[in-house]
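The chain contents come next:
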Amino acid sequence: MVLRTCWKSRHKSSCEPAARWIRLALAALFWLCATQLASGNGMVGETKFVVHKDAEFDVTYNDTVTSVNQTVYAFNHTISWNKTEGVRVTVDVMQQHLESPILFVVRQKQAVMSFQVPLILRGLYQRKYPYKHVGRTLCQPPTRAASETQYFYVDVSTLSSQVTNYQLRVSRVESFTLQTNKIFSFTASPSQPQYFKYVFPDGVDTVIVKVNSDMNFPCSVMSVQDIQCPVYDLDNNVAFIGMYQTMTKKGAITVQRKDFPSNSFYVVVVVKTEDEACGGPLRFYPLRPDELIDAGNRTKVLDVMVSPAINSEKYVMGMLFCLGIFLSFYLLTLLVACLDNRRMKKRRELFQVPADTSPAETDKDANSPGCFLGKTPTSPYEYGSFADNGSTLSSEAVTDSATSTDNNYGYMERSLDSVGRSRQESLSSVEEDDYDILDDINSDKNIVRTKKYLCVSDLARKDKRVLSKKYQIYFWNIATIAVFYALPVIQLVITYQTVVNVTGNQDICYYNFLCAHPLGALSAFNNILSNLGYVMLGLLFLLIVLQRDIVHNRALVRNDLSALECGIPKHFGLFYAMGTALMMEGLLSACYHVCPNYTNFQFDTSFMYMIAGLCMLKLYQKRHPDINASAYTAYACLAAVIFFSVLGVVFGRGNMVFWIVFSVIHILATLLLSTQLYYMGRWRLNAGILRRIVYVIYTDCIRQCSGPMYIDRMVLLVMGNIVNWSLAAYGLIERPNDFASYLLAIAICNLLLYFAFYIIMKLRSGERIKCLPLVCILFTAVVWGFALYFFFQGLSTWQKTPAESREHNRDCILLSFFDDHDIWHFLSSIAMFGSFLVLLTMDDDLDTVQRDKIFVF
């Protein structure tokens, strides 16, 4: 009302004093509100002063800061689209004890970066490490202008009431952009990370970023990130984007242009606060949770170099080279088959009966000592395989045969009709009509198999068709196992590769990063391609076995006596299983090398166990076709081996209890198998086993000292026990970390021992090795030697941390595409193929020798 009155009668002098007092009251009210806002929550505070300074590059500013004064440094620099200069901010704090940290905020046109000093970085178990010397490189946003002046500001503030001294220096990084094939050296620490820019040159689509150091520790991380702000360059955030890996002395990342739309990227190097990730020691645990730990000197000197990777021509050359090597084996096999077919045709023409030869002369030639056709043992009770269907094997005849030291058998003529009624007409393993009860059959087996000198005919009495079906189960079982095993493996490794590509964590897979050539989604295509040899040579071996199987079946159909009655009995089921196992080894090894690591190493070794087991079974089957293990028993034992392999990988590292249990099981299994082999299966494991063992020791060792009845078998088994007991003792004492390889070494040692014994006994028995298997033996031995040399180069190892594994990485050595491990794949696949050929052909010299003249050993 007063104002309205004054407005209406403003010409009256009595209203002027009232208006003046109102204005003074409003001014006082405004001043009071401003004071309250400044003090905060009604409390009176101090006035904060902000000092603005125009700053220059490469000048060190020594200033102080408190809670009431804040300093803003203004910088400007000129940037252009074709040249990038790095800008680095370095800060030092002088005081030892600070009430509150100093906050530095760098404001740029398109980015903001802030950090505190002391910079607190956390390690494991929330341990805190303070750093008072901090250096950070500013992110440089791209510009489209030819030249542009950009401003940025450094704000310095604190909440501490005490005066704090600091030093600030902003400088240009002259070598911020890396040059191709040029080494650049720099230093880094946890609080002073470094990163540099690289631009893809024209015509280069893939490069390898290599970071090296002469120092193992401190542990560091190298990262490749896209050109964007902010750049994640601290230990606690470097893994947020891009590709990264821990490193000690070596680090390498292959970078493809297609992954970076800007055709450029940042190479970030961060030193970690602790070395545990690189296999280093772990610091003590602080007594108090908030206690700050002095990190010491963690400065590391490093070199970085970016070099172009191989181009598409190298990929094509590598693939053609790989195909060419293994296709040459197909051509060589075809050539050998043609030459052998031509030789056999000439041989048939040479032995063909002339048209003008009389029947009497033909009979005379057939009865000559040099020809075995038309001959039969003197008695049907002999252990040759010429016995008719109605023949019996009496105990008396067996006893006479066992005690006789004369190995020459008499023969008598027989007609072709008796040959036509061979044992293969019966589906039974023995002629049941000649026995009244089952115990008679078991008694006959005991008499035959416990003879002092056995011939193959003694252990080839079962019907061939029954045995063929039995051994074909090996192939169908391993084919079924392969399908059910391979499908989950393929799915798992695809998931591994996807995780690596999405997260960028290259510590998941243990590649040879200096020779890892990507293709599509695969990170190391060359390591996968080199496994092609296992598949191609496994398929070739299957074709060779199929050809031999067809030829043998045709000989059986035409009643060829050399196929019916001579040589080692031909059963091809195990050979088919071996070829399939070799192909699966190639497939699963390729799956393992998609992302090799600790958890999937089993994929690379499972079928190696199977190959070793099948080879030993095949060697044993050659001279013991009737008593070889069934497919179900064999695969159950191999499954137990793989089960122990998994247990050893998971629980075996440094676990004494596991190694004791495994060593006991290993020794017991060796003793049981030795007993089974020595007595040809004619023993029983029951409650009376201990009583029988004591009785044998008393009668053969105490009452009278007599040597073993089967000396050859005893020599083999004693050597085998010595080897296996030694391996068990080594495992118990050393406890190797790589249990899977240790288990594989046990299998290979036993296989080599048995193979050497077989060759020695074959030569000792007066048999010979033909030219083709002899060439295969020599060739395979040489190739195995070179293969093992490359295998033990050790380009990576998942027994250590990823960073330690990378210390073993090496450059490619073949066609700039394949490394040492790839050559191991090439040579080992060839060596395995050669070993299979040795097993297939080593007894070809016996194809015309009657089975009752071939010794069992």
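Predicted, not measured: the structure shown is a model, and the values here were computed from it.

Within an α-helix, residues lying three or four positions from one another point in the same direction, as the helix has 3.6 residues per turn. Its 26 residues place the ends of helix H18 (residues 739-764) 37 Å apart at the C-alpha level, agreeing with the 38 Å of an ideal helix rising 1.5 Å per residue. Backbone geometry just downstream of H18 places Gly 766 in the positive-phi region, at approximately 85 degrees.

It is worth spelling out unusual backbone geometry at this point. Here the bond from Phe 217 into Pro 218 is cis, since omega is 10 degrees, no more than 30 degrees from zero. The residue Pro 218 is located in the loop between strand S14 (206-212) and strand S15 (220-226) in this model. Across the junction of Cys 229 and Pro 230, the peptide omega takes the value 0 degrees, indicating a cis bond. Even without glycine at this site, Arg 735 takes up a positive phi of about 50 degrees.

Okay, the environment of Asp 214 next. Considering the arrangement of structural elements, one finds Asp 214 in the loop between S14 and S15. On the accessibility criterion, Asp 214 (78% relative accessible area) is exposed. Sequence spacing of Asp 214 and Thr 248 is 34 residues, and the spatial spacing of their C-alpha atoms is 8.7 Å.

Moving on, we come to the pairing of strand S18 (residues 264-271). With eight of eight residues buried, S18 lies mostly within the body of the structure. Judged by which residues are buried, S18 turns out to be covered on both faces: Ser 264, Tyr 266, Val 268 and Val 270 on one side and Phe 265, Val 267, Val 269 and Val 271 on the other are all buried. As paired strands, strand S13 (residues 194-199) and S18 are joined by six bridges and run antiparallel to one another. Opposite Gln 194, over in S18, you have Val 269 as the bridge partner. Relative to S18, S15 runs antiparallel, the two being bridged by seven bridges. Bridge pairing links Ser 223 to Val 268 in S18.

All right, on to the environment of Pro 736 then. In this structure, Pro 736 sits in the loop between helix H17 (711-734) and H18. Taking relative accessible area as the criterion, Pro 736 reaches 19% and is therefore assigned buried. Remark: the alpha-carbon pair of Pro 736 and Gly 648, spanning 88 residues in sequence, is separated by 10.0 Å. The residues contacting Pro 736, other than those within four sequence positions of it, are Trp 659, Tyr 730, Gly 731 and Tyr 742.

Counted residue by residue, strand S17 (residues 250-256) has six buried out of seven residues, so it is predominantly covered. Bridge count for S14 against S17 is seven bridges, and the pairing is antiparallel. Considered in S17, the bridge of Thr 206 is made with Gln 256.

The next thing to look at is the sheet that holds strand S11 (residues 164-173). With respect to topology, four strands assemble into an open sheet ordered S2-S11-S4-S9, the strand pairing being antiparallel. On the outer flanks of this sheet lie strand S2 (60-65) and strand S9 (133-137), each paired with one strand and no other. For this sheet the average axis-to-axis angle between neighbouring strands, irrespective of direction, equals 20 degrees. Note: strand S4 (residues 86-93) against S9, five bridges, orientation antiparallel.

Turning next to the state of the cysteines. Note on terminology: a disulfide is the covalent bond linking the sulfur atoms of two cysteines. For the coordinates displayed, the defined rule picks out four disulfides. The disulfide partner of Cys 509 is Cys 595, and the gap between their sulfur atoms is 1.8 Å. Taking the sign of the S-S torsion, -95 degrees for the link of Cys 509 and Cys 595, the bridge is left-handed. On the criterion of sequence distance, the pair formed by Cys 509 in the loop between helix H8 (464-503) and helix H9 (525-529) and Cys 595 in the loop between helix H12 (573-594) and helix H13 (601-623) is long-range, its members being 86 residues apart. Neither Cys 509 nor Cys 595 differs from the other in exposure class; each is buried. For Cys 515, the disulfide goes to Cys 812, at an S-S distance of 1.8 Å. On the sign convention where negative is left-handed, the bridge of Cys 515 and Cys 812, at about 110 degrees about the S-S bond, is right-handed. Of this pair, Cys 515 sits in the loop between H8 and H9 while Cys 812 sits in the loop between helix H20 (802-805) and helix H21 (820-841); the two residues are 297 residues apart in sequence, bridging distant segments of the chain.

Our focus in this paragraph is the pattern of salt bridges. Side chains that differ in charge, positive against negative, can pair when their charged atoms come close. A complete count under the given rule lists 20 salt bridges for this structure. Across the pair Asp 155 and Arg 107 runs a salt bridge, and its minimum N-O distance is 2.8 Å. One end of the pair, Asp 155, is in strand S10 (residues 148-158); the other, Arg 107, is in strand S5 (residues 102-107), with 48 residues separating them in the sequence. Asp 155 gets classed as buried once you look at its relative accessible area, which sits at 11%. The closest approach of N and O atoms between Arg 548 and Asp 844, which form a salt bridge, is 2.9 Å. In this pair, Arg 548 is assigned in helix H10 (residues 532-557) and Asp 844 in the segment after H21, connecting sequence segments 296 residues apart. Classification of Arg 548 by relative accessible area gives partly exposed; the value is 24%. When its relative accessible area of 13% is taken as the criterion, Asp 844 is described as buried.

Turning our attention to the confidence of the model for the chain. Detailed reading of the predicted coordinates is not advisable wherever pLDDT is low. The predicted model of the chain averages 79 in pLDDT, with 78% of residues at 70 or higher. Counting contacts from residues 1-15, a segment whose pLDDT is below 50, to residues more than four positions away or on other chains yields four contacts. Scored below 50 in pLDDT, residues 355-441 shows 126 contacts in the model against residues more than four places distant or in partner chains.

This part is about the packing of aromatic side chains. Scanning the entire structure with this criterion turns up 51 aromatic pairs. Considering the side-chain rings of Phe 475 and Trp 476, the 5.0 Å spacing of their centres and the 65 degrees angle between planes classify their relative orientation as edge-to-face. The exposure class assigned to Trp 476 is exposed, which follows from its relative accessible area of 56%. Here a set of aromatic residues connected by ring pairs shows up, and it is made of Phe 643, Phe 644, Phe 658, Trp 659, Phe 662, Tyr 730, Phe 739 and Tyr 742.

Moving on to the packing of helix H15 (residues 656-678) against H17. Each pair of packed helices can be summarised by the angle the axes make with each other and by the distance between the axes. Between H15 and H17, the shortest axis-to-axis distance is 9 Å and the interhelical angle comes to 175 degrees. Between H15 and H17, the angle is such that the two are roughly antiparallel. Listed contacts from H17 to Met 656, Trp 659, Ile 660, Ser 663, His 666, Ile 667, Thr 670, Leu 671, Ser 674, Leu 677 and Tyr 678 of H15 are Arg 713, Met 714, Leu 717, Asn 721, Asn 724, Trp 725, Leu 727, Ala 728, Gly 731 and Leu 732.

With 109 residues, the main nonpolar core has Tyr 474, Phe 541, Phe 607, Leu 614 and Phe 662 as its most contacted residues. Apart from the residues lying within four places of it in its own chain, the contact partners of Leu 614 are Tyr 474, Ile 478, Leu 574, Ala 577, Met 578, Ala 581 and Tyr 635. Grouped together as the second largest cluster of nonpolar side chains are 31 residues, Val 87, Met 113, Phe 115 and Val 170 included.

The next point concerns a nonpolar patch on the surface. Among the surface-exposed residues, Val 483, Phe 484, Leu 487, Ile 490, Ile 494 and Leu 587 lie close enough to one another that they form a single nonpolar patch of about 570 Å² accessible area. No other element matches the five residues that H8 contributes to the nonpolar patch. Within the secondary structure, Ile 490 is located in helix H8.

In this section: the sheet that holds S13. The strand order across the open sheet formed by four strands is S13-S18-S15-S16, and the pairing between neighbours is antiparallel. If you trace the sheet from one side to the other, it starts and ends with S13 and strand S16 (243-247), each paired once. Strand-to-strand twist across the sheet, computed as the mean angle between neighbouring axes with direction ignored, equals 20 degrees.

Next up on the list: H15. In this model, H15 (23 residues) spans 33 Å end to end at C-alpha, consistent with the 33 Å of a helix rising 1.5 Å per residue. Of the positions making up H15, those classed as buried are Phe 658, Trp 659, Phe 662, Ser 663, His 666, Thr 670, Ser 674 and Tyr 678. In this structure, the buried side of H15 is in contact with helix H14 (631-651), H17 and H18. If you check the start of H15, you find a side-chain oxygen 3.2 Å away from the backbone N of Val 657, and it comes from Asn 655.

Once that is clear, we can look at the environment of Leu 587. One can find Leu 587 in helix H12. Placed 105 residues apart in sequence, Leu 587 and Ala 482 show a C-alpha to C-alpha distance of 9.8 Å.

Cut-offs applied
- Residues numbered from 1 in each chain as written.
- Predicted model: local features only at pLDDT ≥ 70, side-chain atom pairs only at ≥ 80, totals over all residues.
- Heavy atoms only, no water.
- Helix = DSSP H or I, 4+ residues; strand = E, 2+ residues; numbered from the N terminus.
- Expected span 1.5 Å × (residues − 1).
- Buried < 20%, exposed > 50% of the residue type's maximum accessible area, 1.4 Å probe, protein only.
- Pairing = 2+ DSSP bridges.
- Contact = heavy atoms within 4.5 Å.
- Axes fitted to C-alpha atoms, helices over the stretch in contact; angles between N-to-C directions.
- Disulfide = S-S within 2.5 Å.
- Salt bridge = Lys/Arg side-chain N within 4 Å of Asp/Glu carboxyl O.
- pLDDT = per-residue confidence, 0-100.
- Phe/Tyr/Trp six-rings, centres within 6.5 Å; stacked < 30°, edge-to-face > 60°.
- Parallel < 35°, antiparallel > 145°, perpendicular 65-115°, else oblique.
- Core = buried A, V, L, I, M, F, W, Y, C linked by side-chain atoms within 4.5 Å.
- Patch = residues over 30% accessible without salt bridge, like charges linked within 9 Å, V, L, I, M, F, W, Y side chains within 5 Å.
- Areas by Shrake-Rupley, 256 points an atom, 1.4 Å probe, with all protein chains shown as cover.
- Polar contact = N/O pair within 3.5 Å; in protein donor to acceptor, adjacent residues only side chain to side chain.

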